[in-house]
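Now for the letters of each chain:
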Amino acid sequence: MRLLPIITFSLVSIFSSIVNANANTLAAPSSIDKPVTQLLPNQNNQCNKTLRYKVFFEGHHIGDYERNLVWDGTHANVYTNSTVSVLITKAKLNQHSKLHWSQQRQSFVTDSFERNIKGLLAGKVSATFTNNGAQSTVTEDGKTHQFSETLLPILDGDTIGVQMRLDIMQGKKNFDFILQNSDDTSHYYFKVVGEETIATNFGDLKTIRVDQIKKSDRQLSLWFAPSIDYQLVRATYKRKLLDLKAVLISKQIHCPQPIILK
């Protein structure tokens, strides 16, 4: 059971962050059967977004997390607060990530992130990303590691979430990312497997299901609802004795009123 908080926080970095693309950032096709469409971020987007999820282990509620996304044009700050409790153990995570749209990459890239965990697994991690994601420097509890990639940018979980949502809205069926861990990088592959209607906290919704592929020892599935701004409404992770599930329970989107000059 001591591994459960570790894995849960790892999943927060992957599937919970996928909710963070802004409500009005992109115009999207209405069906996954449409051809790939080039969509770009809105240069004047100022909407803020807060989404809250519950995490379950074998049907038992073990944690919650809240994510707040603050946009400034094509730059964003993402704030995560998460708590996981298993038996007598408890851990709290706070993270702040910065990302932006790269004209050179024609994709989102990470600028930096800071992560602080209290309780079980206590520690601090900070990272900076340079050269449009080609290089990263990670410091964990005073130890520094450096990484580099040539084909794909190195991204944190929040940026992967924003980019994956964009890929889905563009109609892409396959995508892969390099995720920055605290002391390593990992290559993740995903595939759109089809449309499914599922029961959610917002009623029965038609969703787009995305599965992680090329990993035979686990199953990670993600469900996005086009009618709720293409947000992640459910995620499941199964591996050996683990059976985790995250569900969206509430959402708030705040956009400032336009200024009218007289």
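Residues numbered from 1 in each chain as written. Predicted model: local features only at pLDDT ≥ 70, side-chain atom pairs only at ≥ 80, totals over all residues. Heavy atoms only, no water.

As annotated in an unreviewed UniProt entry, the protein chain is DUF3108 domain-containing protein from Photobacterium andalusiense.

### Regarding the pattern of salt bridges
All chains considered together, the criterion is met by 10 salt bridges. The residue R67 makes a salt bridge to D158 at a minimum N-O spacing of 1.8 Å. Note that R67 is positioned in strand 2 (residues 60-72) and D158 in helix 2 (residues 157-169), a separation of 91 residues in sequence. No difference in accessibility class separates R67 from D158, as the two residues are buried. For R239, the salt bridge goes to D217, with nearest N and O atoms at 3.0 Å. In this pair, R239 is assigned in strand 14 (residues 231-239) and D217 in the loop between strand 12 (203-213) and strand 13 (219-225), connecting sequence segments 22 residues apart. In this structure R239 comes out as partly exposed when scored by relative accessible area, which is 28%. (Salt bridge = Lys/Arg side-chain N within 4 Å of Asp/Glu carboxyl O. Helix = DSSP H or I, 4+ residues; strand = E, 2+ residues; numbered from the N terminus. Buried < 20%, exposed > 50% of the residue type's maximum accessible area, 1.4 Å probe, protein only.)

### Digging into the side chain of S107
Residue position: S107 is located in strand 5 (residues 107-119). Among all residues touching S107, those that are not within four sequence positions of it are H100, W101, S102 and Q163. (Contact = heavy atoms within 4.5 Å.)

### Focus: the pairing of strand 3 (residues 75-86)
Burial of strand 3 is one-sided: the residues A76, V78, T80, S82, V84 and V86 facing one way are buried, the residues H75, N77, Y79, N81, T83 and S85 facing the other way are not. Where strand 2 meets strand 3, 10 bridges bridge the pair, whose relative direction is antiparallel. Note on strand 3: the bridge partner recorded for G63 is V84. The hairpin formed by strand 2 and strand 3 contains 2 residues between the paired strands, and G73 there has a positive phi angle of roughly 65°. By the bridge criterion, 12 bridges tie strand 3 to strand 4 (residues 89-102) in an arrangement that is antiparallel. Bridge pairing links N77 to K98 in strand 4. Counting the residues in the hairpin turn of strand 3 and strand 4 gives 2 residues, including L87, whose phi is positive at 55°. (Pairing = 2+ DSSP bridges.)

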